[in-house]
Amino acid sequence: MNFFLILKHFLIEEIRLNLRRLKLIYSFFKEFSIFRYFIYLFNNSFIPCRDTVFRNYIYENSQKWKDQNNLLNSNNKIILIPCVFNHPLYLVTEILVAKNLMKMFHSNGAAVIDGYDLKKIILFRSFGIKKIIILKDFNIFVRLKYFIKAYLIIKSYKNIDEFLNFNINNVDIGKAAYDHYLRFSGMGTTNEFNHEIYANLYKSLLIYYQVDEYFKKYNIIASVQSERQFIPGAIFFQSALVNGIKVYAKVGHAYNKFCIRRYSNINERYTQRGRFSKKLYDLINKNIRKEAVEIGDKIIKKRFENVTKYNTSQYQEFYGLPEFTKGKKKVEIEKKNTTKEDLCKRFGWSHNSPIATIFSTDLTDGVFDSSWSLFRDRLTWLRETLYEIKKITNVNWLVKPHPNDELNNVITNTVSEFEKICSNSNHIKLFPNDITIGSIPKFINAAITLQGSAGSEYPCFGIPVVCTSESIFTGMGYTIDPQSKKEYFFHLQNIKKLKKLSDQQMELAKIYFFIYYKLADIKINLIAASGSRNVDEKKFWASMTKLLNEYNYNEELLIEMLRIQESNNDMHAINYKEYPMLIGTKVK
């Protein structure tokens, strides 16, 4: 793009920045009493919030942690909590994980927040975390300097694919800027250097140099961060690892039940949190294989019966959504059980041809959340797959959109891609949205996914799954993981030759569900339920206050599991309480 055209967008962004600042000032006066704020400036223990529910929580929380805070050493070791997300449930969860690490490592805590946010500061201080590092916006001249630097960097690259390799000291700045654009534009891919990518790059540079300075200035021994994508998340996360700082991230299926994944070096930056180690699988196979398979089998059956507890769509952990998604509501449709005969009759298909399903994925959510992928991004995978299956007429194909296409109201979605590429192909149909999930294993012969949950689910029923990206389940022996596009397309062309999985492969798939729902299930007693999209903060903080009155820190299981993780040098801190034979240690 022309420099002056980009400069115009920069100036427009500056106007928006100042408008956001005015909104923040308005929100500040709305949320805080000026009289109480002046008292707070001289006495940090005074709570200036107008909201009495939140004020009461802060007071009770401060009292609850007072004794624990006094036990912390006065050394300069720090557990860092980067604030990459504003959701109160996310913040509280990260803080509680950090508090356990602070106790284990006899360290103090510090938070990094994006700009001055008094409510966050008060929340952190109520947990005894006094050190608050505030990321700066700087002035317009500094921002302009980084904007010009971003312009010159992008100008040095011929195309997007080259730009994605741009990094500073092994921190992937190019990928972060591109990933952020996809997420907040609603577009699944682009080959153009549009003004949003320029803006994302200069903001990334502003953040990177500040964060790098903090990691060098302070004695940070660990960081707590579950969301590792976008801006500033990817930059915080990778900068920590580059500086030799371990990062602890939560993994779980419920708001108050999870385990902790530890990242130890920069080579792990794109490995998914829920990918458990071969060491853990080996321990289960050796000690409790039969029980693990039986439990995993029950879980996957309940999941396909749409039992709420085992339906991942009931609990959504998300980074944040663009403005265009606000107000979008999911339309519920009555579903019915369907057979292959019903489906073939519905579409006019031959009953003798196999049925394969393309399980599309969230096209804009963290496209680099994998250590390897055959495609640049998720939309590129979908497009190339659709073009390929158009030519494969001896198979009947279903294309199943990801639920987030509708829920997030993305601009480029699976349905629009299907209509552009496959609408005239009778052997390819959109997956009907009135069919129960429990029907699917009864009529499909194969599944195709980039890295979606289908790769862990359908092998439990013996159905072969072809995956084109590293995920929680690839490489475990029960998925087909092609090493090139050529090999991938070969598998698509030979779907009819794919055989049903062996009993051993089906058991391996079921063991994953045992791990995820049983071992990755450490209950945290001080986290209240909250909607992941629209949170009622008054209700949330009232529930949190109630939990405080019942909470006993010494009964918390997480600290003991973290100590076992540290002692055994394990990838995950999981719940060994019911299965101490996996570690050879008695759990209290």
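Keep in mind the model is a prediction, meaning the values are calculated, not measured.

A few words now on the packing of helix α1 (residues 3-31) against helix α6 (residues 140-155). Closest axis-to-axis distance for the α1/α6 pair is 11 Å, and the angle between their directions is 140 degrees. Crossing geometry of α1 relative to α6 is assigned as right-handed. Of α6, the residues touching α1 (which contributes F3, I6, L7, F10, E14, L17 and R21) are I140, R143, L144, F147, I148 and Y151. Per-class residue counts for the contact of α1 with α6 are 10 nonpolar, no polar and three charged.

One can find E457 in helix α18 (residues 454-457). With near-sequence residues (within four places) excluded, E457 lies in contact with I300, R303, F304 and F513.

As a further point, take a nonpolar patch on the surface. A cluster of nonpolar side chains, contributed by I15, L19, L22, I25 and F29, occupies part of the molecular surface with about 500 Å² of accessible area. For I25, the location among the structural elements is in helix α1.

Right, let's get into the state of the cysteines. Evaluation of the coordinates by the stated rule reveals zero disulfides. Unpaired in terms of disulfides, C422 finds its nearest cysteine sulfur in C344, a separation of 18 Å.

What follows concerns the sheet that holds strand β9 (residues 428-430). Pairing within the open sheet is parallel, and its five strands lie in the order β9-β8-β7-β10-β11. The sheet terminates laterally at β9 and β11 (465-467), the two strands that pair on one side only. Each adjacent strand pair in this sheet contributes to an overall mean axis angle of 20 degrees, direction not counted. Taken together, the three bridges between strand β8 (residues 396-400) and β9 define a ladder with parallel strand orientation.

Attention now moves to the confidence of the model for the protein. Averaged over the protein, the pLDDT score is 91; the fraction of residues at 70 or greater is 93%. Ignoring residues within four places in sequence, the model shows residues 313-319, a span with pLDDT below 50, making 28 contacts including any to other chains.

A pair of packed helices is characterised by two quantities: the angle between their axes and the separation of those axes. Contact pair α1 / helix α9 (residues 195-217): the axes reach a minimum separation of 10 Å and the direction vectors enclose 65 degrees. Considering only the axes of α1 and α9, their crossing is right-handed. Within the contact between the two elements, α1 uses I6, H9, F10, E13 and E14 and α9 uses H195, Y198, Y202 and K203.

Glancing now at the environment of N159. Assignment of secondary structure puts N159 in the loop between α6 and α7 (160-163). A C-alpha to C-alpha distance of 50 Å links N159 and R289, two positions 130 residues apart in sequence. A distance of 3.2 Å separates the side chain of N159 from the backbone nitrogen of D161, its partner in a polar contact. A distance of 2.9 Å separates a polar side-chain atom of N159 from the backbone nitrogen of E162.

A few words now on the environment of L582. Tracing the backbone through its elements, the reader meets L582 in the segment after β13 (572-573). Taking the relative accessible area as the measure of exposure, L582 reaches 4% and is therefore buried. For the pair formed by L582 and E419, sequence separation is 163 residues and the distance between their alpha carbons is 51 Å. Setting aside chain neighbours within four positions, we find L582 in contact with L283, I284, N287, I288, L519 and Y576.

Residues of helix α13 (residues 340-347) that are buried include every one of K340, L343, C344 and F347, and no others. Looking straight down α13, one finds its buried side chains confined to an arc of 95 degrees; they lie on one side. Along α13, the residues that are exposed and aim more than 90 degrees away from the buried face are E341 and K345. Where α13 is buried, its residues touch β7 (355-359), β8, β9 and α17 (440-443).

Following the criterion strictly, the structure yields 28 salt bridges and no others. The shortest N-O distance in the salt bridge between R143 and E14 comes to 2.7 Å. Highlighted residues: R143 in helix α6 and E14 in helix α1, separated in sequence by 129 residues. Side by side, R143 and E14 carry an identical accessibility label, which is buried. Through salt bridges with shared partners, one network takes in E13, R16, R20 and K203.

The periodicity of an α-helix, 3.6 residues per turn, causes residues three or four places apart in sequence to face the same way. With 16 residues, helix α12 (residues 289-304) should cover 22 Å at 1.5 Å per step; its first-to-last C-alpha distance of 22 Å lies within 8% of that length. Along α12, the residues that are buried comprise A292, V293, I295, G296, D297, I299, I300, R303 and F304. Its buried side turned inward, α12 meets α11 (278-287), α17, α18 and α20 (503-519). Taken from the residues just after α12, N306 is the one with a positive phi, measuring 65 degrees.

The next thing to look at is the side chain of T190. Its location among the elements puts T190 in the loop between α8 (173-185) and α9. For T190, a relative accessible area of 10% puts it in the buried group. Polar contacts involving the side chain of T190 include one to the main-chain amide nitrogen of E192, which spans 3.1 Å. Once residues within four sequence positions are removed from consideration, T190 is found in contact with I160, Y178, Y181, I197 and R376.

Procedures and definitions
- Residues numbered from 1 in each chain as written.
- Predicted model: local features only at pLDDT ≥ 70, side-chain atom pairs only at ≥ 80, totals over all residues.
- Heavy atoms only, no water.
- Axes fitted to C-alpha atoms, helices over the stretch in contact; angles between N-to-C directions.
- Helix = DSSP H or I, 4+ residues; strand = E, 2+ residues; numbered from the N terminus.
- Left-handed = near helix turned anticlockwise from the far one by under 90°.
- Contact = heavy atoms within 4.5 Å.
- Nonpolar A, V, L, I, M, F, W, Y, C, P; charged D, E, K, R; others polar.
- Patch = residues over 30% accessible without salt bridge, like charges linked within 9 Å, V, L, I, M, F, W, Y side chains within 5 Å.
- Areas by Shrake-Rupley, 256 points an atom, 1.4 Å probe, with all protein chains shown as cover.
- Salt bridge = Lys/Arg side-chain N within 4 Å of Asp/Glu carboxyl O.
- Disulfide = S-S within 2.5 Å.
- Pairing = 2+ DSSP bridges.
- pLDDT = per-residue confidence, 0-100.
- Polar contact = N/O pair within 3.5 Å; in protein donor to acceptor, adjacent residues only side chain to side chain.
- Buried < 20%, exposed > 50% of the residue type's maximum accessible area, 1.4 Å probe, protein only.
- Arc of directions from axis to C-beta.
- Expected span 1.5 Å × (residues − 1).

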